[in-house]
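Listed here are the chains, written in short residue letters.
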Amino acid sequence: MNLLIKNGLIVTMDGERRVIKDGAILVRDGRIEEVGKTHKVSKFSAEEVIDARGKAVLPGLINSHTHTHETLLSGVSDCLELYSWSDTVLQPYLKSLRREDCYWVALQACAQMIGSGITCYNDMFGYNSPILDVIIKVIERCGIRGVIGRYIRDAEDPKYASMAISDTLAAIEQCRDKPRIEVRFCPFTVLKCSGETYGKTRELASKYDVGLHTHMAETRKEIQIMEKEKGKGTVEYLDSLDFFGPDVVAAHAIWLKDEEIKILSDKGVKIVHNPSSNMKLASGVIPLRKLIDRGVTVALGTDAAPFSDDWDMFIAMRLATYLQKVHNLDAAASTAEEALELATINGAKALMLEDEIGSLEVGKKADMILIDLKGVGLTPINDIAKKLVFCGTGCYVDASIIDGEIVMENRCLKTVDESELVEKSQTIAEDLIESSGIWKSLEAQGVKRWKVI
Ligand SMILES: [Zn+2]
């Protein structure tokens with residue numbers, strides 16, 4: 001199908017970061033064929049035409065780190081740091097989550113992501129039995145682009161790691177002819193995954209030519225344990241296992257020594273910053289400036305729903321830049337333009353998809369979003385990049401196009417029955433929260449909530 005988007009404000013995120021007023025994009029067979037001024041591009045004919053007058057057109061946003069299995073825990077947790085939260089909320093939730101629920105849980109996450117302008121996401125799903133076949137079905141149904149994987153951990157039970165590796169290998173096989181889905185090995189974190197298993201996943205990722213996705217240097221407690229047990233920081237330790245390479249995406253990277261930043265830069269490791277998660281869990285502040293200045297690619301993620309409570313990359317962009325300003329007591333420590341790079345082209349680089357997505361350029365896949373600029377909320381537009389980062393939210397995303405297919409138009413999802421999804425999600429969430437006893441566990445931890453009468 002050919003698609004012409006015309007009369008829009010095109011934020012290309014190309015090498016020159018061109019913003020084209022009264023611009024147009026021609027899409028043919030899922031790829032961008034022309035980008036330029038409307039009067040030049042619109043001479044080409046197209047079967048479908050979108051008039052983007054009063055709208056900005058951006059590359060689809062890339063959520064480079066998340067866990068869709070936790071979707072139904074949005075708006076539940078508060079006041080707990082990572083490990084208390086995991087013991088109090090996540091583990092009981094996972095014990096109650098049934099395999100048949102996972103389809104709806106993942107679909108809820110994907111629908112929310114598409115709705116807020118995310119066209120590609122990097123998932124580390126957690127479940128106690130094979131599950132990636134379900135996630136593949138969800139992605140095929142809703143039309144999002146997914147880089148998927150599942151927790152691989154062996155601290156509690158070595159059999160879990162074998163099962164998770166087999167599940168990942170089966171998914172790699174299943175996705176060979178599915179260009180919109182990539183699979184990664186996901187060793188969970190050094191606190192839950194042995195050096196042997198990290199080594200095994202490295203070996204398999206190289207053998208099957210797929211990437212790796214892990215958590216790294218997220219909390220001060222993690223670093224204290226590593227220094228005590230291994231005599232090294234997490235980055236030094238993973239480097240000693242020869243784990244690193246340009247195919248590694250590591251979430252967080254907060255607690256780093258200067259020498260470790262050099263290792264990350266030398267080895268081409270990609271980092272994902274998750275500002276909302278880091279703030280809500282009081283984990284710490286990423287040394288963003290140092291990482292970027294030393295040539296490390298940093299992308300942006302929402303992390304799981306309990307930590308950002310939404311799938312809004314506009315809010316993630318805003319938090320990322322604000323956090324650096326206040327932490328460094330320097331208003332110039334991070335900029336709106338840099339935040340937009342984190343959420344688009346850097347996300348593509350992190351996932352090694354920069355030749356395909358992340359910017360609106362000829363030859364790339366047509367993953368793009370339209371943002372309605374006409375309403376009261378975003379008026380006036382003085383500078384588009386600053387406006388979107390400092391004032392935007394996912395609610396202004398009007399349309400979403402992935403692989404040249406329109407998956408959301410006029411804020412309505414075209415691939416998902418929203419009323420059915422809302423009903424299912426609410427029912428499953430109520431059962432899950434009730435049967436897992438999360439409210440009582442939170443209360444026992446001193447987390448208060450108001451009574452509903
Ligand atoms: Zn995470």
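Worth saying up front: this structure is predicted, and the values here are computed from it rather than measured.

Novice: Looking at this structure, how should I read the overall build of the protein?
Specialist: Of the regular secondary structure elements, the protein holds 18 helices and 18 strands. Taking 2.2 N^0.38 as the reference for a compact globule, 453 residues should give roughly 22 Å; the C-alpha atoms of the protein span a radius of gyration of 21 Å, in line with that estimate. In the protein, buried positions account for 59% of the 453 residues. Of the contacts made within the protein by residues no fewer than 6 positions apart, 73% connect residues no fewer than 24 positions apart. When the 56 positive and 68 negative side-chain charges of the protein are each reduced to one mean point, those points stand 2 Å apart.

Novice: I tried to follow the coordination of the zinc ion on my own but got confused; where do I start?
Specialist: Where a metal carries four tetrahedral donors, each ideal angle is 109.5 degrees; where it carries six octahedral donors, the ideal angles are 90 or 180 degrees. Coordination of the zinc ion by the protein comes from His65 (NE2), His67 (NE2), His215 (NE2) and Asp303 (OD), over a distance range of 2.1 to 2.5 Å. Coordination at the zinc ion is irregular: its four donor atoms span angles of 89 to 175° at the metal. Donor residues for the zinc ion, ordered by position in the chain, follow H-x1-H-x147-H-x87-D. Taken together, the residues span a long stretch of sequence, with His65 in strand β6 (residues 61-66) and His215 in strand β11 (residues 211-216) at a distance of 150 residues. Of the two residues, His65 and His215, both sit in the buried class.

Novice: Honestly, the packing of helix α14 (residues 336-343) against helix α16 (residues 384-391) in this entry has me stumped. Any pointers?
Specialist: Between two packed helices, the angle of one axis relative to the other and the distance separating the axes together describe the packing. At a closest axis distance of 8 Å, the pairing of α14 and α16 adopts a crossing angle of 75°. Considered as vectors, α14 and α16 are oriented roughly perpendicular to each other. Where α14 abuts α16, its residues Ala336, Glu337, Ala339 and Leu340 lie against Ala385, Lys386, Val389 and Phe390. Grouping the constituent residues of the contact of α14 with α16 by class yields six nonpolar, no polar and two charged.

Novice: What is the right way to read the pattern of salt bridges from this model?
Specialist: Pairing between side chains of opposite charge can happen when their charged atoms approach one another. Counted according to the given criterion, the structure contains 32 salt bridges. For Lys178, the salt bridge goes to Glu140, with nearest N and O atoms at 3.1 Å. Of this pair, Lys178 sits in the loop between α5 (158-174) and β10 (181-187) while Glu140 is found in helix α4 (residues 132-142), placing the two residues 38 residues apart along the sequence. Notably, a salt bridge pairs Asp367 with Arg145, separated by 2.7 Å at the nearest N-O pair. You can see Asp367 sitting in the loop between α15 (345-350) and β15 (368-372) and its partner Arg145 sitting in strand β8 (residues 145-148), a full 222 residues away along the chain. Taking relative accessible area as the criterion, Arg145 reaches 4% and is therefore assigned buried.

Novice: Can you walk me through unusual backbone geometry in this structure?
Specialist: Leaving glycine out, the prevailing phi sign among residues is negative, and the prevailing peptide bond configuration is trans. The amide bond that connects Thr379 to the next residue, Pro380, takes the cis arrangement and shows omega of 5°. Structurally, the position occupied by Pro380 is in the loop between β15 and α16. Here Asp22, not a glycine, exhibits a phi torsion of approximately 50°, which is positive. Relative to the elements of secondary structure, Asp22 occurs in strand β2 (residues 19-28).

Novice: I keep staring at the side chain of Glu218 and nothing clicks. Help me out?
Specialist: Structurally, Glu218 can be placed in the loop between β11 and α7 (220-230). Look at Glu218: it is buried, it has no salt bridge, and the nearest opposite charge is Arg153 at 11 Å. Within the structure, Glu218 has its side chain in polar contact with the side chain of His252 (distance 3.4 Å). With residues near it in sequence (within four places) discarded, Glu218 still touches Leu82, His252, Ile254, Trp255, Ser277, Leu281 and Ser283.

Novice: Help me understand the state of the cysteines, please; the structure alone is not making it clear to me.
Specialist: As used in these notes, a disulfide is a covalent bond between sulfur atoms, one from each of two cysteines. Applying the stated criterion to the full structure yields zero disulfides. The structure places no disulfide on Cys395, whose sulfur is separated from the nearest cysteine sulfur, that of Cys412, by 14 Å. Classification of Cys395 as exposed rests on a relative accessible area of 56%.

Novice: What is the right way to look at the nonpolar core in this model?
Specialist: Soluble globular proteins tend to bury their nonpolar side chains together. Counting 128 residues, the largest nonpolar core has Tyr93, Met216, Phe244, Leu264, Ile271 and Ile371 as its most contacted members. Ranked by the residues each element gives to this core, the list is headed by helix α3 (residues 99-115), at eleven residues. When neighbours within four sequence positions are excluded, Ile271 is seen to be in contact with Met216, Ala250, His252, Ala253, Leu264, Ile286, Val296, Thr297, Val298 and Ala299.

Novice: Looking at this structure, I do not really get helix α9 (residues 258-267). What am I missing?
Specialist: Given 3.6 residues to a turn, an α-helix orients residues that are three or four positions apart in the same direction. All buried positions along α9 are accounted for by Glu260, Ile261, Ile263 and Leu264. In an axial view of α9, the angular spread of the buried residues amounts to 155°, which keeps them on one side of the axis. Along α9, exposed side chains directed more than 90 degrees from the buried face belong to Lys262 and Asp266. Buried-residue contacts for α9 involve β11, α8 (234-240), β13 (270-273) and α11 (288-293). Directly beyond the C-terminal end of α9, a positive phi value near 70° is found at Gly268.

Novice: Help me understand the pairing of β8 in this model?
Specialist: Sheet faces and side chains relate simply in a regular strand, where the side chains alternate between the two faces. Residue alternation in β8 divides its side chains into two sets, Arg145 and Val147 and Gly146 and Ile148, and both sets are buried. Bridge count between strand β7 (residues 118-123) and β8: three bridges; the pairing is parallel. Paired with Tyr121 across the strands is Gly146, a residue of β8. Following the backbone out of β7, through α4 and into the adjacent parallel β8, one traces a crossover that is right-handed.

Novice: Can you help me understand the pairing of β10 in this one?
Specialist: Burial of β10 is extensive: six of the seven residues sit out of reach of the surface. Taken together, the three bridges between β8 and β10 define a ladder with parallel strand orientation. Among the inter-strand pairings, Ile148 is bridged to a residue of β10, identified as Val183. As defined by bridge partners, strand β9 (residues 151-152) adjoins β10 across two bridges and the pair is classed as parallel. Residue pairing across strands places Ile152 opposite Pro187, the latter belonging to β10. Taken together, β9, α5 and β10 constitute a β-α-β crossover, and its handedness is right-handed. Once you follow β10 into helix α6 (residues 195-208) and on to β11, the crossover reads as right-handed.

Each value, and the rule that gives it
Residues numbered from 1 in each chain as written. Predicted model: local features only at pLDDT ≥ 70, side-chain atom pairs only at ≥ 80, totals over all residues. Heavy atoms only, no water. Helix = DSSP H or I, 4+ residues; strand = E, 2+ residues; numbered from the N terminus. Rg over C-alpha atoms; globule rule 2.2 N^0.38 Å. Buried < 20%, exposed > 50% of the residue type's maximum accessible area, 1.4 Å probe, protein only. Contact = heavy atoms within 4.5 Å. Lys, Arg positive; Asp, Glu negative; His and termini not counted. Charge placed at Lys NZ, Arg CZ, Asp CG, Glu CD. Donors = N, O, S within 2.8 Å, 3.2 Å for Na, K, Ca; no water. Tetrahedral: all angles 85-135°; square planar, octahedral: opposite > 155°, others 65-115°. Axes fitted to C-alpha atoms, helices over the stretch in contact; angles between N-to-C directions. Parallel < 35°, antiparallel > 145°, perpendicular 65-115°, else oblique. Nonpolar A, V, L, I, M, F, W, Y, C, P; charged D, E, K, R; others polar. Salt bridge = Lys/Arg side-chain N within 4 Å of Asp/Glu carboxyl O. Polar contact = N/O pair within 3.5 Å; in protein donor to acceptor, adjacent residues only side chain to side chain. Disulfide = S-S within 2.5 Å. Core = buried A, V, L, I, M, F, W, Y, C linked by side-chain atoms within 4.5 Å. Arc of directions from axis to C-beta. Pairing = 2+ DSSP bridges. Right-handed = clockwise from strand over helix to strand, strands pointing away.

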